[in-house]
Structures are given as structure tokens and as C-alpha cells.
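# What the coordinates show
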Amino acid sequence: MHMEDRELGINLIIDGTSYPLTIKASEEPYYRQAARLVNNTLSLYKELFMGEGGVRVMTMVALDIAFKSVKEANEAGSAEVMQRINELTRLIGNTLDNKE
């Protein structure tokens, strides 16, 4: 078993509550970053929806983070497709130039 694959027990604090998790050691930085993102986004929506119930606020936090994730994935996919199209265009151009 690689060192990165070993299990690690951590506690994440989200909205003042501790959540104990057992994760792969290599994934710890991502979990910590995700917890910060949730807490930061939660602070924003608590201000926007002052007086609203916790479920509504957490739903908006989940939607916000999911939206950004989907958008980034689609933009990354589009960039990859454009890169492949440009490479194919270059290869086709080179092939046509060599046949002349």
C-alpha cells in the first residue's frame, strides 16, 4: 500500500460542527479545501438569506458549488475539444501541403 493510499482520520468543521471522516491521506488537502469552500459560501448565503432556515441556505450553498463545478467541467471540456480540433486542423493542413 502506498503512503498516499493509507487511511487517515480527520475532523472537518463545517458551520461550527465537527465532522469526523476517514479518507485517503492523499485526498486530505482536497477535503480541507472543500470544507473552506463550503464555509465561505455558507457565510455568503447566510448574509443574503438572513432569517431563512438552515435547509434553504444549505440548498443554495450546494447549488452554488455544484453550478461552479459543472461550469468549470464544461469549460475545461470545451477547451480540450478546441485543442483537439486545432491539432487536427494543423495535421490536415500539413498533409495537404505535403501532397502539393
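Everything numeric in this text was worked out from a predicted model, so none of it was measured.

Before going further, it helps to spend a moment on the pattern of salt bridges. Enumeration according to the criterion identifies 6 salt bridges in this entry. The salt bridge involving Glu75 is made with Lys71; its shortest N-O contact spans 4.0 Å. Highlighted residues: Glu75 and Lys71, both in helix α2 (residues 54-99), separated by 4 residues, approximately one helical turn. Among the ionic pairs, Glu80 bridges to Arg84, the shortest N-O distance being 2.8 Å. Placement of both Glu80 and Arg84 in helix α2 is noted, with a separation of 4 residues, approximately one turn of the helix. With a relative accessible area of 41%, Glu80 lands in the partly exposed category. A residue is classified by how much of its surface remains accessible, and Arg84, at 54% relative accessible area, is exposed.

Here we take up the pairing of strand β2 (residues 17-24). Examined bridge by bridge, strand β1 (residues 7-14) and β2 share 8 bridges and lie antiparallel to one another. Each residue of the ladder has a partner; that of Asn11, found in β2, is Pro20. The antiparallel pairing of β1 with β2 creates a hairpin that spans 2 residues between the two strands, and Asp15 there sits at a positive phi of about 55°.

This next bit is on the packing of aromatic side chains. What characterises a pair of aromatic rings is the spacing of the ring centres plus the angle enclosed by the ring planes. By the definition in use, this model includes 1 aromatic pair. For the pair Tyr45 and Phe49, a centre-to-centre distance of 6.0 Å together with 20° between the ring planes defines the contact as stacked.

Time to look at the environment of Ile65. Checked against the element boundaries, Ile65 lands in helix α2. By relative accessible area, Ile65 is classed as partly exposed at 22%. C-alpha separation for the pair Ile65 and Val38, spaced 27 residues apart in sequence, amounts to 7.9 Å. Ignoring any residue separated from it by four or fewer positions in sequence, one finds Ile65 in contact with Leu37, Val38 and Thr41.

Rules and cut-offs
Numbers given to residues run from 1 along each chain, matching the order in which its sequence is written. In keeping with the predicted nature of the model, local features appear solely for residues at pLDDT of at least 70, side-chain atom pairs appear and are counted solely at 80 or more, and the whole-chain, interface and lining totals rest on all residues. Each side-chain value is worked out from all heavy atoms of the structure, with water and hydrogens disregarded. By convention in these notes, a salt bridge is any Lys or Arg side-chain nitrogen within 4 Å of a carboxyl oxygen on Asp or Glu. Helix numbering and strand numbering both begin at the N terminus, where a helix is a DSSP run of H or I of at least 4 residues and a strand a DSSP run of E of at least 2. Partly exposed residues are those whose accessible area sits between 20% and 50% of the maximum for their type, while under 20% is buried and over 50% is exposed, using a 1.4 Å probe and protein chains only. Whether two strands pair comes down to DSSP finding at least two bridges between them. Classification of ring pairs uses Phe, Tyr and Trp, with its six-membered ring standing for Trp, and accepts pairs whose centres are within 6.5 Å; under 30 degrees between planes counts as stacked, over 60 as edge-to-face, and the remaining range as tilted. Throughout, a residue-residue contact means that at least one pair of heavy atoms, one from each residue, lies within 4.5 Å.

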